[in-house]
Amino acid sequence: MTSDLPAEREPGAAGLAALRPRLPSPLVELPDERFARRGVRLLLKRDDLIHPDLPGNKWRKLAPNLRAAAASGHSTLLTFGGAYSNHLRATAAAGRLLGFATVGVVRGDELADRPLNPSLARCAADGMRLLFVSRAAYRRKTEPEVLAALLAEAGGPCYVVPEGGSNAAAARGCAELGLELRGMADVVGVACGTGGTLAGLAAGLGEGQRAIGFPVLKGGFLGREIERLQTEAFGGRRGDWRLDERFHAGGYARTTPELDAFADDFTARHGLPLERLYVAKALHGLTTLAEAGEFARGTTVAAVVTGAADPAETAETAETA
Ligand SMILES: *Cc1c(COP(=O)(O)O)cnc(C)c1O
């Protein structure tokens, strides 16, 4: 890995700075009676405002990888995702903005014969080459033979970014999120997909601060994965964090009437549409914990808004699971 290079030696840094990310991201108080009644303050960490095309944790995770790709002389990025992956879209946009060719390996070869959904259509419009692979092959994508075949199909050397963009460089990028929140909150809540964001966030927080991750996938495997990422990025488990597995609403892109009602009500109360795959689940979790009295009076809770609402994302459900 080359992501430990000092900033002045990173060829990709100038290009990234020219995109003018809004960093540190805004931190705003949101008066909400369900928290106020318990003597708890709610803050929103608006990572969704970092960049219109690379919002939220996607900027924080991709930026160090883009620097590493440029520093190691790569002009093509190859990465992986499902048909509605925010990470694929962000990678495609980064390619367009920074002049990388991009290849997206998409789970599900049955999709190859269908019209592209709006998310994949946007990837293609940003110049991403889409390689559709069977679910069986997709599961084995990190095995050397499978990866070698994909790289051969991509037709040249590629900087490979793992699914969801989570690797050691990404976790180090997300440590910035924790650093920005030092001294600002007692508890920080964040939605988890691959866990890279929580791995970094928890490592960056200061003494006495703790993080709660709300996995949006079912499975119970994420804790080990986050420890693995922290070990790779920082040399061991870091920070005070835990997972609350109760709010995935059935799995990735699944929802329940309760979650939908929560998200609609949140938008009505605050005039803020919630990104439904992740952010709504995290805020549902935090609000439920607050109402159950799990935060002591005087606690300040920060919810990380990891992404922006997108109508294309909320339309489909079961197909992506
Ligand atoms: C990708 C994504 C996440 C998940 O981040 P991980 O680092 O994979 O846990 C959370 N929220 C939003 C909006 C995302 O797009």
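Residues numbered from 1 in each chain as written. Predicted model: local features only at pLDDT ≥ 70, side-chain atom pairs only at ≥ 80, totals over all residues.

A.B. asks: Help me get a handle on the site of the ligand, residues and values and all.
C.D. replies: Lining the immediate surroundings of the ligand are 19 residues, of which Asn-86, Gly-193, Tyr-278, Thr-306 and Gly-307 lie closest. In terms of residue class, the shell around the ligand is made up of 4 nonpolar, 13 polar and 2 charged. Each of domain 1 (7-53 + 166-320) and domain 2 (58-165) contributes no fewer than three residues to the shell around the ligand. (Near = placed C-beta within 6 Å. Nonpolar A, V, L, I, M, F, W, Y, C, P; charged D, E, K, R; others polar. Domains from an automatic or database assignment.)

A.B. asks: Before we move on, can you summarise the sheet that holds strand β8 (residues 210-215) with the specific residues and values?
C.D. replies: Taken together, the 6 strands give an open sheet; going across it, the order is β1-β2-β10-β7-β8-β9, and neighbouring strands pair in mixed fashion. The sheet is open, and its two edges are formed by β1 (27-29) and β9 (240-243), each paired on a single side. This sheet shows a mean twist of 25° between the axes of neighbouring strands, independent of strand direction. With 3 bridges connecting them, β1 and strand β2 (residues 41-45) associate as antiparallel partners. Within the sheet, the bridge partner assigned to Glu-29 lies in β2 and is Leu-43. Of the strands in this sheet, β7 (187-192), β8 and β10 (300-304) touch helix α12 (residues 279-291), which is tilted by about 140° from β7. (Pairing = 2+ DSSP bridges. Helix = DSSP H or I, 4+ residues; strand = E, 2+ residues; numbered from the N terminus. Axes fitted to C-alpha atoms, helices over the stretch in contact; angles between N-to-C directions. Contact = placed C-beta atoms within 7 Å.)

A.B. asks: Describe the domain arrangement of the protein, naming the residues involved and giving the relevant values.
C.D. replies: When the domains of the protein are assigned, the result is domain 1 (7-53 + 166-320) and domain 2 (58-165). Listed by partner, the interface residues are 30 residues for domain 1 and 26 residues for domain 2. Breaking the side of domain 1 that touches domain 2 down by element, the ones donating at least two residues are α1 (11-18), α8 (168-181) and α13 (311-314). With 7 residues, α8 is the largest single contributor of residues to the side of domain 1 that touches domain 2. In terms of residue class, the side of domain 1 that touches domain 2 is built from 12 nonpolar, 11 polar and 7 charged.

A.B. asks: How would you explain the nonpolar core if you had to name every residue and give the values?
C.D. replies: Counting 86 residues, the largest nonpolar core has Val-188, Val-301 and Ala-303 as its most contacted members. Ranked by the residues each element gives to this core, the list is headed by α8, at 8 residues. Each of domain 1 (7-53 + 166-320) and domain 2 (58-165) contributes no fewer than three residues to this core. (Core = buried A, V, L, I, M, F, W, Y, C linked by C-beta atoms within 7 Å. Buried ≥ 20, exposed ≤ 12 C-beta atoms within 10 Å, placed from the backbone.)

A.B. asks: Tell me about the UniProt feature "domain: Tryptophan synthase beta chain-like PALP" (unreviewed entry) in the protein, residues and numbers included.
C.D. replies: With numbering matched to this structure, UniProt assigns "domain: Tryptophan synthase beta chain-like PALP" (unreviewed entry) to residues 24-307. Between the end C-alpha atoms of residues 24-307 there is a gap of 15 Å, over a span that is 42% helix and 17% strand. (UniProt positions renumbered as here; feature names shortened; annotations may be inferred.)

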